[in-house]
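Architecture and fold: a report
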Amino acid sequence: MGFLTPTEREFFAQFTSVKGLGIRKGLRALNLPIRDIAAAVENGDEKLLMTLPGIGRRMAQQTIAELRGKLHTFALGAEPARAATPFKAWQVEALEVLVAWGEKRNEAMELIELAAQKHPDVQTAEELVPLVYRLKQGAEV
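Below is a summary of the structure that appears in this document. Position numbers for residues start from 1 in each chain and track the written sequence from start to end. The predicted origin of the model limits local features to residues at a pLDDT of at least 70 and limits the giving and counting of side-chain atom pairs to 80 or more, whereas totals for whole chains, interfaces and linings rest on all residues. Hydrogen atoms and water are omitted, and side-chain values are computed over all heavy atoms in the structure.

The subject of this paragraph is the pattern of salt bridges. Should a side-chain nitrogen of Lys or Arg be within 4 Å of a carboxyl oxygen of Asp or Glu, the pair is scored as a salt bridge. According to the stated counting rule, one finds three salt bridges in the structure shown. For R35, the salt bridge is made with D36, and the minimal N-O distance between the two is 3.9 Å. Take R35: its relative accessible area is 39%, and that puts it in the partly exposed class. Classification of residues uses two cut-offs on accessible area relative to the type maximum, computed with a 1.4 Å probe and protein chains only: under 20% is buried, over 50% is exposed, and between them is partly exposed. Looking at D36, the relative accessible area reads 24%, which means it is partly exposed. Notably, a salt bridge pairs R57 with E46, separated by 2.8 Å at the nearest N-O pair. A residue pair is termed long-range when its members are at least 10 positions apart, and R57 in helix α5 (residues 57–67) and E46 in helix α4 (residues 46–50) qualify at eleven residues. Each helix is a run of H or I in the DSSP string that is no shorter than four residues. Each strand is a run of E no shorter than two, and both are numbered from the N terminus.

What follows is the structure in structure tokens.
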């Protein structure tokens, strides 16, 4: 793997040491800055970890259980709370449905945020998923 710094390589080695989190899954999961992932582990932020590609609830729990207390040096400088709006449980459920149906996680997250802005009255994943597809197809403006 090509990492820019030895620190990134060290983080990746620790991150992929979690049982069930191999190199491939670890690489896919690195779509946030390392300090944010490390801070999520240190803070026990299961929801943030679940937004990473290939990381579900069990893997997030496993990662926190195995790595909490070991990544604090990587988390230095990270903000205590994520800048983006945190997803509610039903939005996370809709995200997982969309990803299971083949949508890219980042695109699905953006569409969910857009749908939530345009339709603040929607409160369930069952209502949200069709809205996301309408937004994606341009059927709803």
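Next comes the rest of the account.
What follows is about helix α8 (residues 125–137). To estimate how far a helix should extend, the number of its residues minus one is multiplied by 1.5 Å. Its 13 residues place the ends of α8 18 Å apart at the C-alpha level, agreeing with the 18 Å of an ideal helix rising 1.5 Å per residue. Working rule for contacts: check all heavy atoms of both residues, and any pair within 4.5 Å makes them a contact. Where α8 is buried, its residues meet α6 (89–100) and α7 (105–118). In the stretch just after α8, G138 is the one whose phi turns positive, near 80°.

So, about helix α3 (residues 34–43). Of all ten residues in α3, seven are buried, a share of seventy percent or more. Turning to α3, its buried residues number three or more, namely I34, I37, A38, A39, A40, V41 and E42. The elements touched by buried residues of α3 are α1 (6–15), α2 (23–29), α4 and α5. Phi turns positive one or two residues past the end of α3, at G44, with a value near 70°.

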